[in-house]
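Architecture and fold: a report
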Amino acid sequence: GGGGGDGENSGGSGGAGASSSSHSSNNPIAGTNNIHGLLNILQSQMRPPNRDSKPSPDRFHFAVDHCFPIKGQGTVLTGTCLSGSARPNDMVEFPTLATQKKVKGLQMFRRKANVVQQGDRAGICVSNFDAKLMERGIIASPGTVKLIRGAIAVVRKVRFFKGGLSSGAKFHVSVGHTTVMATVSFWGAREIATQVEEGSEKKNASNNAQKKSFGKSSLGGSADLAGLPRLKFDWNQDFLHQDNYLDVLPADDERSVDSKMPLHWARLEFLTPVYCPMDSLVIGSRLDSEVNANACRLAFSGRLVERYDAKSDHGRLKSYTKKEKAGSVCRLGDPYRRLDDGKIVRYEVFGTDLFKKETNMTQFVGLLIETDRGDVGSIQSSFGTSGKFRVNFPGGTEIREGDSLYLRFKRYANDPKKAIHQDGTALPPARTGSRVDPPAKKKKNKAKNGNGKNSNAPSSSQVSVVKNNNSSSKSAPTNNDRNINNGAAVGEIIKVKGDTLPNGKHTVAIVSGLFSMEDDIRQHKGRKVTSVAKPEEEGVVDGSFGKMGKCKVLFENGISAEAVGSRVKMPERET
């Protein structure tokens, strides 16, 4: 603009032209259209590049874009320094050629230089190297750039790409000057969103900036300018399985809506191994699509984060799927009145329709069961042989017969044992309660049913007493006979059973020695029985057990399993 104006004014005459020419010589940008506004906009948008604070020759990466010989000097490699630094006499490696050369000299803009560092455009002269062997590529510090067959990258979909990104699909992946086919799998959208929200991005950025292994190399472009954060991949983290790239996160994640596509982890398995440093920019494309179609062929961009080897690292990825089985309550345990809130609850319930009758229940014992009310219990054992099971709720539950029971768990895709895993849910603390006894049932008088029995006939207990009294005149009574006659007896606990209370004790004990075979134990139901060793453990006779004079004794507060073999006493009935 300024040069054209001077030419016109020099060809004309008059004071205006001379004045304009004189003014142009004093201010070269005078007469242009708002050049100051343009400069202000450029300065406001420009930002200093993110450089290594201490360039190190140990992580020197140099992208070569041209290679040519100079007679009498050697071979010159021109390009851009991506990270680190290099000086004359340093050794550099050509990874794709598996050879090393010594730096003979350095030039920047036709001037000799003693050092080149990140961001410098330079020429590197080496000797005894055939320029025909390399046109484009990378040279680096020896051993810093490895041949990789796969990588894990943090990626983001290009919003102009109309198609979907399916896991297991093949894409053209460009890394620097190389484009190869790769099989790509996507996962971790929810986990990355959580990681970024918690501020892990800033922490990882500061940590990665201090890492000497990768530096700030970015082959093929700047991943920072592409909006890709510096994240660290955690091999021990669990990831929910995804079949494809999620363009929108599920609504139940309750995260703020972002105009950008969500970040994902991607596993890249290259069909042809490539040489490139970590932290490099990668671009995934569908170059096999129609060229003349009015559609974007660039599918995603990403930053290489971690090397990946399909043979050794496949089992390390912890990808899982959520599973759920549903059953129902078929029977309720004894009712208890919870002490803290007075509600009637069950500490034990029995479920069905969750397992088959041939299922081995051993692998499911201890797993957590949930209800629609949010109560959590654990499977204690099987119940019978038809696939039913017993569940204990430490805090109690108000569930009813027919209500649903849920077994929720997850399975890892790479687990050969297909084991069941549960996490995130724990058993609630125990909440004690007192047992609620059901109302006593009225016994029917069999004499009124016309069954041929004499209503005036003495009961079996009366007969037993008469027999004992008659026999006493003929022979000495046995020890058991004396106990019954006195109204008091001493027996022995031979077994404990029944429901398990929150305190770990059982509700029923089988006792022998309190009665004889001839005694009608029903006549003694409700009589008090106490433990000789632990008088605080009290129970009541509930009925007979078999035909050998054994009886069942109910303990409201429970009887411990260690009580088997100990003695109990039944005091004299009060009259």
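Residues numbered from 1 in each chain as written. Predicted model: local features only at pLDDT ≥ 70, side-chain atom pairs only at ≥ 80, totals over all residues. Heavy atoms only, no water.

Concerning the pairing of strand 15 (residues 281-285)
To keep it simple, the criterion reads: Summary of the burial criterion: residues with accessible area below 20% of their type's maximum are buried, those above 50% are exposed, and those between are partly exposed, where the area comes from a 1.4 Å probe applied to protein chains only. Put simply, DSSP marks the helices as runs of H or I at least four residues long and the strands as runs of E at least two long, and each gets a number from the N terminus on. Strands were regarded as paired on the criterion that DSSP finds at least two bridges between them.
The buried fraction of strand 15 amounts to four of the five residues, a majority that puts the element mostly inside the structure. Strand direction decides the pairing type here: strand 11 (residues 169-175) and strand 15, joined by four bridges, are antiparallel. Paired with Val175 across the strands is Val282, a residue of strand 15. One ladder, built from five bridges, connects strand 15 with strand 16 (residues 298-307); its direction is antiparallel. Looking at strand 16, one finds that Ile283 is bridged to Ser301.

Considerations on the environment of Glu398
We apply this condition: Any two residues having at least one pair of non-hydrogen atoms within 4.5 Å are treated as being in contact.
Residue position: Glu398 is located in the loop between strand 22 (388-397) and strand 23 (404-412). Glu398 sits 23 residues away from Asp375 along the chain, and the two C-alpha atoms are 8.7 Å apart. In contact with Glu398, not counting residues within four places along its chain, are Lys343, Ile344, Val345, Arg373 and Asp375.

Section: the sheet that holds strand 26 (residues 506-512)
Let me state the cut-off plainly: Orientation is described by lines fitted to C-alpha atoms, with helices fitted over the stretch in contact, and by angles between N-to-C directions that extend from 0 to 180 degrees.
Judged by pairing direction, the barrel is antiparallel, and its six strands sit side by side in the order 25-26-29-28-27-30 before closing back on the first. The average undirected angle you get between the axes of adjacent strands in this sheet is 40°. Across five bridges, strand 26 lies against strand 29 (residues 551-559) in antiparallel orientation. The residue of strand 29 that forms the bridge with Ile510 is Lys552.

None of this, on its own, says anything about what the molecule does.
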